[in-house]
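Per-entry structural report
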Amino acid sequence: MAPLVPGRLSPTRSVPAHIARPEYVGKRAPAPYTGPEVQTAETIEKMRIAGAIAARAMDEAAKHIAPGVTTDELDRVAHDYMCDHGAYPSDLGYRDFPKSICTSVNEVICHGIPDSTVLEDGDIVNLDVTAYIHGVHGDLNATYPVGDVDEESKLLVERTLESLNRAIKAVRPGRQINVIGRVIESYAKRFGYGVVRDFTGHGINTSFHSGLIVPHYDSPRATEVIRPGMTFTIEPMLTLGTHEYDIWQDGWTVVTKDRKRTAQFEHTLLVTADGTEILTLP
């Protein structure tokens, strides 16, 4: 298939006035997060609500994935679902991002902007959805086939999901954050996949990105100790070729430098006394 090119953007979608906005909407950047990575029981319960809305919005948008559908239409479906359930689409207005979700097709690693791009039979597309409600965020993503997808792409998608599942199982209080990347990287290497390094998982709570970094490779700098009550995302990005990338002129869309395909999966997690709870389940 030919490399992806930017499409046309539709007008910015509106959000009903009664829905609370994150503090960064209308600003160039969010305020730095200065709170704890370990959350209160009240915050965690609110995050379960936000996570469930995000997961259901993603599921609704995914039902519309088919050849001939635009990525802008997927954005509309997810946007409407979040607004209908009292949530603000966290992406909309985050550092001037113009749409409500990210739609990353084929060689797009992450941060694809929904537009007039038409999905074709054989594509793969990642939907990245974050909902903000009751003052907190819930963030997840998944990669989906479009029509009949080749075996190499199917395996990439399946194995990227498996790398996430393995990483989630590795999370235990007392371990360092780098156990996550070690598990993902060692699994990906079995198949010769690239592991994207510069885009990571992150702490999440009342802040969309708290400052906690969760690498998907074995980083010697990721030494923070995992503690019960921490909330963060794991979101491995695996590629069929290099982990190196280019960024389009829009300042957002990240594509593999060799234009080979890439897949990603993500959940927001709560660290419990003996493992994790996934907060982004429908």
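Residues numbered from 1 in each chain as written. Predicted model: local features only at pLDDT ≥ 70, side-chain atom pairs only at ≥ 80, totals over all residues. Heavy atoms only, no water.

Notes on the overall build of the protein
For clarity, the cut-off: Secondary structure follows DSSP: runs of H or I at least 4 residues long count as helices, runs of E at least 2 residues long count as strands, and numbering of each begins at the N terminus. Here, residues are in contact when the closest pair of their heavy atoms is within 4.5 Å. For the accessible areas, the method is Shrake-Rupley and the probe is 1.4 Å, while residue cover comes only from the protein chains on display. The convention is simple: Lys and Arg are positive, Asp and Glu are negative, and His and the chain ends are not counted. Working definition for charges: the position is that of NZ of Lys, CZ of Arg, CG of Asp or CD of Glu.
Counting its secondary structure elements, the protein contains four helices and 15 strands. With the principal axes as the frame, the protein shows a C-alpha extent of 50 × 45 × 30 Å. Relative to all contacts within the protein whose residues are 6 or more apart in sequence, the contacts with residues 24 or more apart total 73%. Accessible surface for the protein amounts to roughly 11,800 Å². Of this, 52% is attributable to carbon and sulfur atoms. The positive charge centre, built from 28 side chains, and the negative charge centre, built from 38, are 4 Å apart in the protein.

Re the packing of helix α3 (residues 151-170) against helix α4 (residues 178-189)
In a pair of packed helices, the angle between the axes and the distance between the axes together describe the arrangement. The test is simple: Here, axes are lines fitted to C-alpha atoms. For helices the fit covers the stretch in contact, and angles between N-to-C directions go from 0 to 180 degrees. In this scheme the handedness of a crossing depends on how the near helix is turned from the far one: anticlockwise by less than a right angle means left-handed, clockwise means right-handed. Polar here means any residue outside two lists: the nonpolar Ala, Val, Leu, Ile, Met, Phe, Trp, Tyr, Cys and Pro, and the charged Asp, Glu, Lys and Arg; Gly therefore counts as polar.
The geometry of α3 relative to α4 is characterised by a closest axis approach of 9 Å and an angle of 145 degrees between their N-to-C directions. Pair α3 / α4 crosses with right-handed handedness. Touching R159, E162, S163, R166, A167 and A170 of α3 are V179, I180, V183, I184 and Y187, all from α4. Of the residues contributing to the contact of α3 with α4, the split by class is seven nonpolar, one polar and three charged.

A closer look at the sheet that holds strand β12 (residues 254-256)
Formally: Strands are labelled as partners when DSSP assigns at least two bridges between them.
Strands sit in the order β3-β12-β11 across an open sheet of three strands; the sheet is antiparallel. In the strand order of this sheet, the two ends are held by β3 (108-110) and β11 (245-247), each with one partner. Averaged over all neighbouring strand pairs, the angle between strand axes comes to 40 degrees, with direction disregarded. Two elements, β3 and β12, share two bridges in a ladder whose sense is antiparallel.

A word on the nonpolar core
Stated precisely, the cut-off is as follows: Put simply, a nonpolar core is a bunch of buried Ala, Val, Leu, Ile, Met, Phe, Trp, Tyr and Cys residues held in one set by side-chain atoms that sit within 4.5 Å of each other. Think of it in three bands: residues with accessible area under 20% of the maximum for their type are buried, residues over 50% are exposed, and the middle band is partly exposed, with areas taken using a 1.4 Å probe on protein chains only.
Judged by nonpolar contacts, the single largest core of 64 residues is most densely connected at I65, M82, L127, I180, F232 and I234. Residue assignment for this core shows that the elements contributing at least two residues are α1 (41-62), α2 (71-84), β4 (124-133), β5 (136-145), α3, α4, β9 (231-234) and β14 (267-272). If one sorts the elements of this core by residue count, α1 sits on top with 10 residues. Grouped together as the second largest cluster of nonpolar side chains are seven residues, Y24, Y94, C102 and F208 included.

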